[in-house]
Amino acid sequence: MTKRLLRAIRQVPTLILVLGYLFFSTALLASSNDEATNGHHDHNSHHHSDILLLLIADKLAIKKLQKAFNEVDSNSQQQHNLNEQKLRLNRSLQRLRDFSATPEGYYANLELYQQSLENRANMLVDFAQLLHTHHQQHDLGQIGQ
């Protein structure tokens, strides 16, 4: 009986390891299933937020370039500034397109969707103003040549 008890005691750590492994793998599987069913929305949520932050950063950078346009003296500096604006605007417009394409089903309720529509409209107005200023500065740069 003592030998049997000793043998059983020696097997306890192995049993604990096996049970721990099963528990861990089951928890991991359950977590991956949750991500598979809900993760798509979470990914879109993070992607949507990332695009918004990038748009805000682009908007600020373009405004800074447009302000600097009036402070530079030479035509070559103005042309470089306009080219930088153009690159940022092109990239931003693609992001704005992606940001504006967020479907109604993405939002938890109609109120959040309404707020999003207002925010998207404001962002469109901001970028329309940036484009307008860019074209005005481009025309000024053409006159100065």
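One numbering rule holds for all chains: residues counted from 1, following each sequence as written. Confidence filtering applies because this is a predicted model: local features only for residues at pLDDT of at least 70, side-chain atom pairs given and counted only at 80 or more, and all residues used for totals across whole chains, interfaces and linings. The side-chain numbers reported here are obtained from all heavy atoms of the structure, hydrogens and water having been left aside.

Engineer: Looking at this model, I keep getting lost on the overall build of the protein chain. Mind explaining?
Structural biologist: Runs of H or I in DSSP of at least four residues are treated as helices and runs of E of at least two as strands, each being numbered from the N terminus. On a plain count of helices and strands, the protein chain comes out with three helices and zero strands. Expressed as a percentage of the 145 residues in the protein chain, the buried residues total 23%. Burial classes follow relative accessibility: with a 1.4 Å probe on protein chains only, a residue under 20% of its type's maximum area counts as buried, one over 50% as exposed, and anything between as partly exposed.

Engineer: Teacher, can you tell me more about the packing of aromatic side chains here?
Structural biologist: Aromatic ring pairs are described here by two measures, namely the spacing of the ring centres and the angle between the planes. By convention, a stacked pair of Phe, Tyr or Trp rings (six-membered ring in the case of Trp) has centres within 6.5 Å and planes under 30 degrees apart, an edge-to-face pair has planes over 60 apart, and any other such pair is tilted. All chains considered together, the criterion is met by two aromatic pairs. Here the aromatic rings of Tyr 106 and Tyr 107 are separated by 4.8 Å at their centres, their planes lie at 85 degrees, and the arrangement is edge-to-face. Comparing Tyr 106 with Tyr 107, the two get one shared label, buried. Seen from their ring centres, Tyr 107 and Tyr 113 are 5.6 Å apart, and the 50 degrees between their planes marks the pair as tilted.

Engineer: So what exactly am I meant to see when it comes to the nonpolar core here?
Structural biologist: In globular proteins that are soluble, nonpolar side chains generally tend to be buried together. As used here, the term nonpolar core means buried Ala, Val, Leu, Ile, Met, Phe, Trp, Tyr and Cys residues forming a set that is joined through side-chain atoms within 4.5 Å. Within the largest apolar cluster, nine residues are counted, these being Ile 51, Leu 55, Ile 62, Leu 89, Leu 96, Phe 99, Met 123, Phe 127 and Leu 130. Going through the elements one at a time, α1 (2-69), α2 (75-100) and α3 (110-143) are the ones with two or more residues in this core. We call two residues in contact whenever any of their non-hydrogen atoms come within 4.5 Å of each other. With residues near it in sequence (within four places) discarded, Phe 99 still touches His 48, Ile 51, Leu 52, Leu 55 and Arg 120.

Engineer: It is not clear to me how a nonpolar patch on the surface should be interpreted in this structure. Could you clarify?
Structural biologist: On the surface, Leu 53, Ile 56 and Leu 60 cluster together to form a nonpolar patch covering roughly 290 Å² of accessible area. Locating Leu 60 in the fold gives a position in helix α1. Patch membership requires more than 30% relative accessible area and the absence of a salt bridge. Residues of like charge join within 9 Å; the nonpolar side chains Val, Leu, Ile, Met, Phe, Trp and Tyr join within 5 Å. The Shrake-Rupley method, run with a 1.4 Å probe, gives the accessible areas here. Residue values count only the displayed protein chains as cover. The salt bridge definition used is simple: a Lys or Arg side-chain nitrogen within 4 Å of an Asp or Glu carboxyl oxygen.

Engineer: Any chance you could explain the pattern of salt bridges here in plain terms?
Structural biologist: Using the criterion set out here, one finds four salt bridges in the structure. Between Asp 58 and Arg 88 there is a salt bridge, and its shortest N-O distance comes to 3.8 Å. Remark: Arg 88 occurs in helix α2 and Asp 58 occurs in helix α1; sequence separation between them is 30 residues. A salt bridge links Asp 58 to Arg 95, with the shortest nitrogen-to-oxygen separation between them at 2.6 Å. In this pair, Asp 58 sits in helix α1 while Arg 95 sits in helix α2, placing the two residues 37 residues apart along the sequence.

Engineer: For this particular structure, what's the right way to read the environment of Lys 63?
Structural biologist: One can find Lys 63 in helix α1. Sequence spacing of Lys 63 and Gln 85 is 22 residues, and the spatial spacing of their C-alpha atoms is 8.9 Å.

Engineer: Help me understand the side chain of Ser 116, please; the structure alone is not making it clear to me.
Structural biologist: Topologically, Ser 116 is positioned in helix α3. For Ser 116, a relative accessible area of 7% puts it in the buried group. Polar contact is the term for a pair of N or O atoms within 3.5 Å; when the atoms are in protein, one must be able to donate a hydrogen and the other to accept it, and sequence-neighboring residues count only if both atoms are side-chain atoms. A polar contact of 2.5 Å, which involves the side chain of Ser 116, links it to the side chain of Tyr 107.

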